[in-house]
Amino acid sequence: MKECLICKTSLRFIKFKCADGYVCKNCYEKASQNFSQTIKNRTKEELLKQFDTAIEVKEEAAFEISRKINQLLLFDDKNQQFCLPNHKKYTKEDLKPEIYPFSAIINCQMMEEQIEKVVKKKKQTLGCIKVVLTLDQGEKVTRAIWLIPNFINTTSMPYQTMKSLAENVVNEINQSREGILC
Ligand SMILES: [Zn+2]
């Protein structure tokens, strides 16, 4: 008997042909974006890619926001997970939104870098700020949230604001982590 290319259930009457073989109705539904696309000419690899996206979307839908810090972090206390929206403005890299369980948090800290610079004949201290998260995903993953990505005057209002925001992020992350420890 033929089996589904993706989930390996055996196929009887209802099956859908793709370039490499047949898939079952369940897998077809996911791979075809709810029956909106044909899969006849797609390879197994292409279907699996589509499949992953479908599952990702489902997981995101299961995210219930109970707390959030601006556009930086979303928390789902009910399901013990948080989301990094990864807005380009804060990441310096091109990342999709990511969801991690609280239990994946290994470490979270604020990092400041400061330099002295003479601006308009006056010595100034300039700084930048990021929050670095270390996560356990089988291997260690680090993510940086850049609150002040470019050096600015450390006595300026934006710097002070972002610094307390960074402290907030660290606190809330650590509280979430401790919540599951005790
Ligand atoms: Zn299947």
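For clarity, every value in this text was computed on a predicted model and none was experimentally measured.

Cut-off values and rules
Residues numbered from 1 in each chain as written. Predicted model: local features only at pLDDT ≥ 70, side-chain atom pairs only at ≥ 80, totals over all residues. Heavy atoms only, no water. Pairing = 2+ DSSP bridges. Helix = DSSP H or I, 4+ residues; strand = E, 2+ residues; numbered from the N terminus. Axes fitted to C-alpha atoms, helices over the stretch in contact; angles between N-to-C directions. Donors = N, O, S within 2.8 Å, 3.2 Å for Na, K, Ca; no water. Tetrahedral: all angles 85-135°; square planar, octahedral: opposite > 155°, others 65-115°. Buried < 20%, exposed > 50% of the residue type's maximum accessible area, 1.4 Å probe, protein only. UniProt positions renumbered as here; feature names shortened; annotations may be inferred. Domains from an automatic or database assignment. Salt bridge = Lys/Arg side-chain N within 4 Å of Asp/Glu carboxyl O. Contact = heavy atoms within 4.5 Å.

(A) Geometry of the sheet that holds strand 3 (residues 67-69). Ordered in space as 3-4-5-6, the 4 strands form an open sheet in which the pairing is antiparallel. Every other strand in the sheet has two partners, leaving strand 3 and strand 6 (98-101) as the edge strands with one partner each. Averaged over all pairs of adjacent strands, the angle between their axes in this sheet comes to 20°, without regard to strand direction. With 3 bridges joining them, strand 3 and strand 4 (residues 73-76) adopt antiparallel strand pairing. Paired with K68 across the strands is L74, a residue of strand 4.

(B) Up close: the coordination of the zinc ion. Looking at the metal site, the zinc ion is ligated by C4 (SG), C7 (SG), C24 (SG) and C27 (SG), spaced 2.3 Å from it. Each of the 4 donor atoms around the zinc ion contributes to a set of angles spanning 105 to 117°, which defines the coordination as tetrahedral. Every donor residue of the zinc ion comes from the same chain, spaced as C-x2-C-x16-C-x2-C. Of the two residues, C7 is situated in the segment before strand 1 (16-18) and C24 in the loop between strand 2 (21-23) and helix 1 (25-31); the sequence distance between them amounts to 17 residues. On the basis of relative accessible area, C24 is assigned to the buried category, the value being 8%.

(C) Inspection of the UniProt feature "domain: DUF4428" (unreviewed entry) in the protein at higher detail. Listed under "domain: DUF4428" (unreviewed entry) in the UniProt record, and renumbered for this structure, are residues 3-47. Along residues 3-47, the helical share is 24% and the strand share 13%, with 16 Å between the first and last C-alpha atoms.

(D) A look at the domain arrangement of the protein. Looking at the protein, the domain boundaries give domain 1 (16-61) and domain 2 (67-181). Placing a centre on the C-alpha atoms of domain 1 and another on those of domain 2 gives a separation of 36 Å.

(E) Examining the pattern of salt bridges more closely. Tallied over the entire structure, the rule returns 5 salt bridges. Close ionic contact of E64 with K78 constitutes a salt bridge, the shortest N to O distance being 3.1 Å. With E64 in the loop between helix 2 (44-61) and strand 3 and K78 in the loop between strand 4 and strand 5 (81-84), the pair connects residues that are 14 residues apart, well separated along the chain. Given the relative accessible area of 39%, E64 is considered partly exposed. Among the salt bridges present, the one from R67 reaches D77, with a minimum N-O distance of 2.8 Å. Of this pair, R67 sits in strand 3 while D77 sits in the loop between strand 4 and strand 5, and the two are 10 residues apart along the sequence. A relative accessible area of 30% places D77 in the partly exposed class. Shared partners join several salt bridges into a network, and the residues in it are R67, D77 and E172.

(F) Structural detail: the sheet that holds strand 8 (residues 122-137). The 3 strands lie next to each other as 7-8-9, forming an open sheet whose pairing is antiparallel. Each having just a single partner strand, strand 7 (105-119) and strand 9 (139-153) make up the two edges of the open sheet. Ignoring which end each strand starts from, the neighbouring axes of this sheet average 15° apart. In this sheet, strand 9 lies alongside strand 8 in antiparallel orientation, the contact comprising 11 bridges. Residue G127 lies in a different strand from strand 9, and its bridge partner there is I152.

(G) The environment of Q124, seen in detail. Residue position: Q124 is located in strand 8. C-alpha separation for the pair Q124 and L135, spaced 11 residues apart in sequence, amounts to 35 Å. Not counting residues up to four positions away in its chain, the partners in contact with Q124 are I115, E116, K117, V119 and N153.

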